[in-house]
Amino acid sequence: MTRPDIAEQSASHLIPAQSHALDVPNVRNFRDAGISSLNSGLLFRSGSLNRLTNAGVERLRELGIRTVIDLRSGAENNVWPGKKHGLEVTWIALPALPDRTGLQRMGLSDFSGFDGKDWPVDPEKLYPFMALYAGPAIAQLVKELSRPGIAPVVVQCAVGKDRTGLAMAAIQSLLGVAWQDIVTDFVQSNIELALAAGPTSFVDEAGVTRYSHPVSEELLRSAMNTITAEHGDLATYLQAHGTTPQELTALRALLLT
């Protein structure tokens, strides 16, 4: 999860022809999540809007964005608050990963390997961890998407790679998108964030130097395997965290052609 204020422009010159990336000035990794059989122009994914400029606002107006759903933590938002510049949007905070107090309430007691963070920094540990603990936020995301008039919506985290990546993959998979299409969209973050050559350093919201790692099919699969091992399938996973069958039906009506 890379610091959201260190790259101002999207890497448009690196985008393959099949990419769903869109150029929104000063917003990293902005893409249409309506891939494959899903409706386009309704669900977008991106990095933080904390450096959004007036030019970026005009682009978001062109896209008709009505809602921003923020998967970042409260600490991240305090350091890097989202910018609106007069953009009339509903801003919904859905922290995908709870803080340490929240994790302790959920039963986690072993924080070895957390490197001072409230979640693991090693990607191989982070993805199964997200599958276990981001369920309430992903379920609430589906609830929000099921509401009339919410779309077009952009879902963001720090750089739109891990938390947003898993959330979008879960929704795409739930709606029947082929696995390889999901993976292609997921790993596009490596190009958008210039991670194809390997990890890059960044300074987090607490001022600590860390590393942002490339994403891979194996990481995404580890999260999905954790979900299915615990719940059997994604619909059951979401319903276990409060999503109703009616909300799943509304999500399908919104995004399926």
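From a predicted model like this one, the values you see are computed outputs, not experimental measurements.

**Let's talk about the side chain of Asn190**
- Following the sequence through the fold, Asn190 ends up in helix H7 (residues 179–192).
- Classification of Asn190 as buried rests on a relative accessible area of 11%.
- Of the polar contacts made by the side chain of Asn190, one reaches the backbone nitrogen of Val215; its length is 2.9 Å.
- When residues no more than four places from it in sequence are discounted, the contact partners of Asn190 are Leu195, Ala196, Pro214 and Val215.

**Section: the packing of aromatic side chains**
- Applying the stated rule across the entire model yields 5 aromatic pairs.
- A centroid spacing of 5.1 Å and a plane angle of 65° characterise the contact between Phe111 and Phe114, whose relative ring orientation is edge-to-face. Each of the two residues, Phe111 as well as Phe114, counts as buried.
- On the numbers, 6.0 Å between centres and 90° between planes, the contact of Tyr127 with Phe186 is edge-to-face. One end of the pair, Tyr127, is in helix H4 (residues 123–133); the other, Phe186, is in helix H7, and 59 residues separate them in sequence. Note on accessibility: Tyr127 and Phe186 belong to one class, buried.
- One aromatic cluster in this structure is built from Phe111, Phe114, Phe129 and Tyr133.

**Structural notes on the packing of H4 against helix H8 (residues 217–231)**
- Between H4 and H8, the least distance of the axes is 8 Å, while the angle of their chain directions is 35°. The chirality of how H4 crosses H8 is right-handed. Contacts from Pro123, Glu124, Tyr127, Pro128, Ala131 and Leu132 in H4 reach Leu219, Leu220, Ser222, Ala223, Thr226, Ile227 and Glu230 in H8.
- A per-class count over the contact of H4 with H8 returns 9 nonpolar, 2 polar and 2 charged.

**Here's the deal with the packing of helix H6 (residues 163–174) against H7**
- Where H6 meets H7, the axes come as close as 10 Å, and the angle between the chain directions of the two elements is 165°. As the angle between them shows, H6 and H7 are arranged roughly antiparallel. In terms of crossing hand, the pair formed by H6 and H7 is right-handed. Touching Gly165, Leu166, Ala169, Gln172 and Ser173 of H6 are Ile182, Asp185 and Phe186, all from H7.
- For the contact of H6 with H7, a count of residues per class yields 4 nonpolar, 3 polar and 1 charged.

**Structural notes on empty space enclosed by the protein**
- Summed over the entire model, instances satisfying the criterion amount to 1 cavity of 30 Å³ or more.
- What the largest cavity holds in volume is close to 40 Å³.
- In terms of residue count, the dominant contributor to the lining of the largest cavity is H6 (3 residues).
- Split into classes, the residues belonging to the lining of the largest cavity amount to 7 nonpolar, no polar and 1 charged.

What counts, and at which threshold
Residues numbered from 1 in each chain as written. Predicted model: local features only at pLDDT ≥ 70, side-chain atom pairs only at ≥ 80, totals over all residues. Heavy atoms only, no water. Helix = DSSP H or I, 4+ residues; strand = E, 2+ residues; numbered from the N terminus. Buried < 20%, exposed > 50% of the residue type's maximum accessible area, 1.4 Å probe, protein only. Polar contact = N/O pair within 3.5 Å; in protein donor to acceptor, adjacent residues only side chain to side chain. Contact = heavy atoms within 4.5 Å. Phe/Tyr/Trp six-rings, centres within 6.5 Å; stacked < 30°, edge-to-face > 60°. Axes fitted to C-alpha atoms, helices over the stretch in contact; angles between N-to-C directions. Left-handed = near helix turned anticlockwise from the far one by under 90°. Nonpolar A, V, L, I, M, F, W, Y, C, P; charged D, E, K, R; others polar. Parallel < 35°, antiparallel > 145°, perpendicular 65-115°, else oblique. 1 Å grid on protein atoms, 1.4 Å probe; cavity = no way out; pocket = protein on both sides within 12 Å on 5 of 7 lines; lining within 4 Å. Points joined across faces, edges and corners; volume = space filled by probe spheres on them.

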